[in-house]
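# Observations on chain architecture
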Amino acid sequence: MTLPGSKSITNRALVLAALAEGPSVLRRPLRARDTDLMVQALRSLGTAVDEVGDGWQVRPRPLRGPADVDCGLAGTVMRFVPPMAAIASGPVRFDGDPRARERPMRQIIGALRDLGTTVEDDGRGTLPFRLHGRGAVRGGGVTIDASASSQFVSALLLAGARFDRGVEVRHEGAPVPSQPHIAMTVRMLRDRGVLVDTDRPERWVVHPGAVKALDVDVEPDLSNAAPFLAAAVATGGVVAVPHWPRSTDQAGDRLRTLLARMGARVERDDAGLVVHGPDHIEGIDVDLHDVGELAPVLAALCALAGSPSRLRGIAHLRGHETDRLHAVAAELNGLGGDVRETEDGLRISPKPLHGGLFHTYADHRMAHAAAVLGLVVPGVRLDDVDTTSKTYPGFAADWESLLT
């Protein structure tokens, strides 16, 4: 399977290109709803984003309002764009899908206020809200609780070099989830000449200065490999993914070790990654705090395993596209499974599964989990495969090509 580009890298690269001192080209970016929403957001703020070859050329221009930003259900848009918009001149309004209005935004809104920006949200701490850009942000130090999402930290770091005093982000609260995504943000800033200090735990400092233009080749999205590699595990088959990077900040790279713990044989060479499915799937007890996006597909495999599993450290998934812990438990139990929600995850005891309707809750990761189950459980029906277009247009066609 040849995968589309990484959403995480694409949307970070788009933001940094819009803040840079010259034009940049993104080659082989992800083209999906989340990244299309980011492109439209940048264009609404005055940035030129043009089609060029197999990617986009981004030409920075002075950011300005008035503008309306449609966040859809994209966490990267609703979190990454407001700090950019604070640099703009004029008002910018943010809104999104109905579920987006339930996703936490209080930390970003509060941080921007602390840094000198006026934000009107009627006290909700969620979308919709209006931000009044003054053409500059004072910047400085801010303390937030990022235990619900690492995106709160990344959002402030991405724009921080353009603040008058830079930004110092301090975290206070439960551990920050998805740390690889913060590492990705820091690396991409440093690649563009931005000075970032990470010498103290739970503290990140971005110094003020220019963001250099940089052309980038976007890595394949390793989290989108999850259902395909899980297909090999579920069926005892073999799946190869070319161009798997030797070194990466992507959370999806953990699939190599996680699937091996479930009994798969995993091989990587210069050509890519190959997973050979086992005769019997082993249950696992694992902390997924840093790689929670893999949890729905792994939960599907755990439901097919020969021994119980516990997925831990993922309480923050309750605030994603849906409450993923509740959704996974409800849908697996609806097919005859035995899944119990815990304070920070799921306990899964294998039971024979039967067919039935599997709801996606407009969540692409839920659709991936259902696709894996449908390989080995007759009669599984998926209510909305099109939700996968959020990060993987053409998923259904690629899935069928895997099986025929």
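Residues numbered from 1 in each chain as written. Predicted model: local features only at pLDDT ≥ 70, side-chain atom pairs only at ≥ 80, totals over all residues. Heavy atoms only, no water.

### Re the pattern of salt bridges
- Scanning the model with the defined rule gives 25 salt bridges in all.
- For D95, the salt bridge is made with R93, and the minimal N-O distance between the two is 3.6 Å.
- D95 sits in the buried class, given a relative accessible area of 13%.
- Judged by its relative accessible area of 31%, R93 falls in the partly exposed class.
- Its salt-bridge partner being R246, residue D270 comes within 3.2 Å of it at the nearest N-O pair. Taken together, the positions of D270 in the loop between β14 (265-269) and β15 (272-276) and R246 in the loop between β13 (238-242) and α8 (255-261) put the pair 24 residues apart, joining distant regions of the chain.
- Overall, D270 belongs to the exposed group, its relative accessible area being 74%.
- Each of the salt bridges in this network shares a partner with another, and the network as a whole consists of R27, R28, D54 and D217. (Salt bridge = Lys/Arg side-chain N within 4 Å of Asp/Glu carboxyl O. Buried < 20%, exposed > 50% of the residue type's maximum accessible area, 1.4 Å probe, protein only. Helix = DSSP H or I, 4+ residues; strand = E, 2+ residues; numbered from the N terminus.)

### Quick word on the environment of D384
- Mapping D384 onto the fold places it in the loop between β21 (380-382) and α12 (395-403).
- For D384, the side chain forms a polar contact with the main-chain nitrogen of D386, separated by 3.3 Å. (Polar contact = N/O pair within 3.5 Å; in protein donor to acceptor, adjacent residues only side chain to side chain.)

### As for the pairing of strand β9 (residues 167-171)
- Judged by which residues are buried, β9 turns out to be one-sided: V167, V169 and H171 face inward and are buried, whereas E168 and R170, on the alternate face, are not.
- Here 5 bridges tie strand β8 (residues 140-144) to β9, and the two strands are oriented parallel to one another. Residue pairing for β9: T143 is matched across the bridge by R170.
- The handedness of the β8 to β9 crossover, carried by helix α5 (residues 151-160), is right-handed.
- Relative to strand β11 (residues 203-206), β9 runs antiparallel, the two being bridged by 4 bridges. When the bridges of β11 are listed, R170 appears paired with R203. (Pairing = 2+ DSSP bridges. Right-handed = clockwise from strand over helix to strand, strands pointing away.)

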